[in-house]
Amino acid sequence: MNFTLRVWRQAGPGTPGKMVEYKATGISPEASFLEMMDVVNEQLTLKGEEPIAFDHDCREGICGSCAMMIDGMAHGPNKGTATCQLHMRSFADGATILVEPWRVRAFPVVKDLCVDRSALDRIIAAGGFITAATGGARDANDILVPKVAADLAMDAAACIGCGACAAACPNGSASLFTAAKITHLAELPQGQPERFRRVIAMVAHHDAEGFGGCTFHGECQIACPKEISIDTIAHMNRDYMSATAASREEKAAGGTG
Amino acid sequence: MRAPTFFASTVGKKIVMAVSGLIMVGFVILHMAGNLQVFEGAARLNTYSAFLHGPAGEALWLLRAILIIALIAHVVSAYQLTVIDRAARPVPYVKRELQAATVASRTMRIGGVVLLIFIVLHILHFTTRTLQPAPLAEGDVYDNVIASFRIWWVTLLYVIAMIALAYHLYHGLWSSVRSLGVERGRLNPFRRPVAITLAFIIWAGFTIVPVAVYFHLVS
């Protein structure tokens, strides 16, 4: 298969960038999008040009590194997949494909398609954790978790922190990321002792990083490679109301994990 | 109440928008029910108007005060969130293909501005009678309605405003209950039976009055 790529090239942070056209020829339909990029980069290297910088790591949809806006869609057109799980057979032969970095103020471009997503790490550092006693590991089933709560928590915990939600959001909001982390911990017994201070701290930090607010366009859940529901945002808002408007404090007994 | 934290955050501002929005939706439904009395004749509508301005006068002012506060809270929060949201993406995409956003969700801001202008014009028209496209008399609501909506551009203006209202409510009703923490587990962004039904009823209930008057179905 042959493609025409238009890729964002930017030498470094703060320097001006532009869309540059490349030909991708002789690409296997079974190649993943990243493998196609590898082929293009090899050709660029052989020609003595600078290869296109892009983030990637596991290439099996679990690390969340491969951040690319493909034809105006985060992780490309397919549902529930990261860029590494997108295959070239999903495109028409001869298609022109636009590839851009995530465009969010909180994700500054490092180089070409690489953006700095440490803003998400700082939201986690603000409260997306539990405080646990050290010591010997407890038995796995020592703390009872209701089935429904376990399912909700696991669905939310599927978040790989790729940033597609913020990239896809017309408001540049990382609400889905923040809400997924909050929901994940708020549904489990281990998350209870810090439940309300967590939601206050994480929402405050989400805003401080310069992300926008949620208006429920629903773009994030379509873009999310883990198909996390915007219901988590409703869950976050509910806990936020409890924590602020009702000044609720943690009372429920939690586990130590 | 942790007020400074609450009002400063994007989540807090959305909750303010949701609560104030739902208050205004409640009013809009009452207003629509009041309007529909035009089909029961001049006496019925004018008696209702006299009741509102007479025995229920104090309640009316209380309602107006609540609505003004709700409107200000709604507009101020919307403005602040718009500034925050615009700043969150300083460099736009060369190409952006929206996959889930609806016409309604994308026109919330411009539709909100249209509705704000409409609200001002509407109050200047029927409430204060500052704007008189046709001569309006105090107390004779029925004749005022008939005289005004016989003018094509007045009817057109109201019809356009009600389309803006329907779109605003379709997204706003659905979105506000989610902002308030209600989860319904629906992945399909277009399937919102309650929101679309209510938005349609409100649209139809308001639009039918000027249209019926214009086409002489009410006289």
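Residues numbered from 1 in each chain as written. Chains lettered and ligands numbered in written order. Predicted model: local features only at pLDDT ≥ 70, side-chain atom pairs only at ≥ 80, totals over all residues.

A look at the overall build of chain B
Along the backbone of chain B there are 9 helices and 0 strands. The linear arrangement of helices and strands in chain B, starting from the amino end, is α-α-α-α-α-α-α-α-α. With the principal axes as the frame, chain B shows a C-alpha extent of 55 × 40 × 30 Å. The 219 residues of chain B split such that 29% are buried. Looking at chain B alone, contacts between residues at least 24 apart form 79% of all its contacts between residues at least 6 apart. (Helix = DSSP H or I, 4+ residues; strand = E, 2+ residues; numbered from the N terminus. Buried ≥ 20, exposed ≤ 12 C-beta atoms within 10 Å, placed from the backbone. Contact = placed C-beta atoms within 7 Å.)

A word on the pairing of strand β5 (residues 96-100) of chain A
Side-chain direction in a regular strand flips from residue to residue, so the side chains alternate between the two faces of the sheet. All names here are of chain A. Of all the 5 residues making up β5, 4 are buried; the element is thus mostly covered by neighbouring parts of the structure. Note that strand β1 (residues 3-10) and β5 share 4 bridges and pair parallel. If you follow threonine 4 over to β5, its bridge partner there is threonine 96. Pairing geometry for strand β3 (residues 69-70) and β5, over 2 bridges, is antiparallel. Considered in β5, the bridge of methionine 69 is made with glutamate 100. (Pairing = 2+ DSSP bridges.)

Some points on the nonpolar core
In this structure, Val99, Cys165, Ala166, Ala167, Leu176, Val199 and Ala223 of chain A are the most contacted members of the largest nonpolar core, which totals 84 residues. In terms of residue count, the dominant contributor to this core is helix α5 (residues 175-186) of chain A (7 residues). Split by domain, the residues of this core number at least three in each of domain 1 (3-111) and domain 2 (118-243) of chain A. In contact with alanine 166 of chain A, other than residues within four places in its own chain, are Trp102, Val104, Phe107, Gly172, Ser173, Ala174, Phe177 and Phe211 of chain A. Of all hydrophobic cores here, the second largest spans 25 residues; its members include Val38, Val141, Tyr158 and Trp203 of chain B. (Core = buried A, V, L, I, M, F, W, Y, C linked by C-beta atoms within 7 Å. Domains from an automatic or database assignment.)

Focus on the sheet that holds β1 of chain A
Residues and elements named next belong to chain A. The 5 strands lie next to each other as β2-β1-β5-β3-β4, forming an open sheet whose pairing is mixed. This sheet does not close on itself; its edge strands, each paired only once, are β2 (17-24) and β4 (73-74). This element, helix α1 (residues 33-46), spans β1, β2 and β3 of the sheet and lies at about 90° to β2. (Axes fitted to C-alpha atoms, helices over the stretch in contact; angles between N-to-C directions.)

Observations regarding the packing of helix α2 (residues 10-35) of chain B against helix α8 (residues 152-179) of chain B
All names here are of chain B. Closest axis-to-axis distance for the α2/α8 pair is 9 Å, and the angle between their directions is 130°. Judged on the interaxial angle alone, α8 and α2 are oblique. Our pair here, α2 against α8, has a crossing hand that is left-handed. Contacts between α2 and α8 involve Lys14, Ile15, Met17, Ala18, Gly21, Leu22 and Val25 on the former and, on the latter, Leu169, Gly172, Leu173, Ser176 and Ser179. Grouping the constituent residues of the contact of α2 with α8 by class yields 7 nonpolar, 4 polar and 1 charged. (Parallel < 35°, antiparallel > 145°, perpendicular 65-115°, else oblique. Left-handed = near helix turned anticlockwise from the far one by under 90°. Nonpolar A, V, L, I, M, F, W, Y, C, P; charged D, E, K, R; others polar.)

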